[in-house]
Amino acid sequence: MIDVCYPSHQVCRTKEEHDAKARMIVHKAPFHKFETILCFKDKWFVLSGGKWFVLKDGPGVADVHIWEMLDQHKMLAERIGGPDIFEKFPKCKAFYEAFRALPTLQKYFASEAYHFEVNYKPQGAWFF
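The protein appears in an unreviewed UniProt entry as GST C-terminal domain-containing protein from Effrenium voratum.

Draft legend 1. Summary view of the overall build of the protein. Along the backbone of the protein there are 6 helices and 0 strands. Each helix and strand of the protein, placed in order from N terminus to C terminus, yields the pattern α-α-α-α-α-α. Going through the 128 residues of the protein one by one, you find that 34% of them count as buried. Of the contacts formed within the protein by residues at least 6 apart in sequence, a portion of 59% connects residues at least 24 apart. Accessible surface for the protein amounts to roughly 8,300 Å². Of this, 61% is attributable to carbon and sulfur atoms.

Draft legend 2. Structural detail: the layout of surface pockets. Of the voids in this model, the largest pocket is the one considered here, and its volume is about 450 Å³. Lining the largest pocket are 21 residues, with Trp67, Asp71, Met75, Tyr108 and Tyr114 positioned closest to its centre. Among the secondary structure elements, those contributing two or more residues to the lining of the largest pocket are α4 (61–79), α5 (90–100) and α6 (106–110). If you tally residues by element for the lining of the largest pocket, the top one is α4, at 9 residues. Split by residue class, the lining of the largest pocket holds 13 nonpolar, 2 polar and 6 charged.

Draft legend 3. Up close: the nonpolar core. Counting residues in hydrophobic clusters, the biggest one holds 21 residues, and the most contacted among them are Trp67, Leu70, Cys92 and Phe95. For this core, the elements supplying multiple residues, two or more each, are α2 (15–27), α3 (32–42), α4 and α5. The contact partners of leucine 70, leaving out residues within four places of it in the chain, are Phe31, Phe34, Ile85, Phe86, Cys92, Phe95 and Tyr96.

Draft legend 4. Highlighting α5. Buried within α5 we find Lys91, Cys92, Phe95, Tyr96 and Phe99. Viewed along the axis of α5, the buried residues span an arc of 140 degrees, placing them on a single side of the element.

Draft legend 5. Highlighting the environment of phenylalanine 53. Mapped onto the fold, phenylalanine 53 is located in the loop between α3 and α4. The spatial distance from the C-alpha of phenylalanine 53 to the C-alpha of phenylalanine 99 is 8.4 Å, given a sequence separation of 46 residues.

Draft legend 6. Structural context of the pattern of salt bridges. Taken as a whole and judged by the stated rule, the model has 1 salt bridge. Salt-bridge contacts for lysine 74 lead to glutamate 78; the nearest nitrogen and oxygen are separated by 2.8 Å. Residue lysine 74 and its partner glutamate 78 are both found in helix α4; the two are separated by 4 residues, about one turn of the helix. By relative accessible area, which is 25% here, lysine 74 ends up partly exposed. Judged by its relative accessible area of 53%, glutamate 78 is exposed.

Conventions and cut-offs
Residues numbered from 1 in each chain as written. Predicted model: local features only at pLDDT ≥ 70, side-chain atom pairs only at ≥ 80, totals over all residues. Heavy atoms only, no water. Helix = DSSP H or I, 4+ residues; strand = E, 2+ residues; numbered from the N terminus. Buried < 20%, exposed > 50% of the residue type's maximum accessible area, 1.4 Å probe, protein only. Contact = heavy atoms within 4.5 Å. Areas by Shrake-Rupley, 256 points an atom, 1.4 Å probe, with all protein chains shown as cover. 1 Å grid on protein atoms, 1.4 Å probe; cavity = no way out; pocket = protein on both sides within 12 Å on 5 of 7 lines; lining within 4 Å. Points joined across faces, edges and corners; volume = space filled by probe spheres on them. Nonpolar A, V, L, I, M, F, W, Y, C, P; charged D, E, K, R; others polar. Core = buried A, V, L, I, M, F, W, Y, C linked by side-chain atoms within 4.5 Å. Arc of directions from axis to C-beta. Salt bridge = Lys/Arg side-chain N within 4 Å of Asp/Glu carboxyl O.

Given below as structure tokens:
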């Protein structure tokens, strides 16, 4: 996502470069490793309180970051008319949906803050 979002990295300096890189990213979503980790966690699903989060008591900082990356990849795919990023990753989809459904976060997801730009448009980012 950094290559798509930060033109200062000299990767996506134009819309054409962005669109080419975005198509490559959404057609080869980097979620195989997390999907595998979630498969291992299934064995301890009961021990984790019936959740797939890193912490037993609920989501932690790592979960927030992983969810954000999933959300940004999903958003990118939707914006360019790409494939469903969760098609080959059912456990990632379940994690994404479980996090998105957390009652404590509903106010945030309904707020304007959740709909802010992904990146800072004045810096020339094409994905926002």
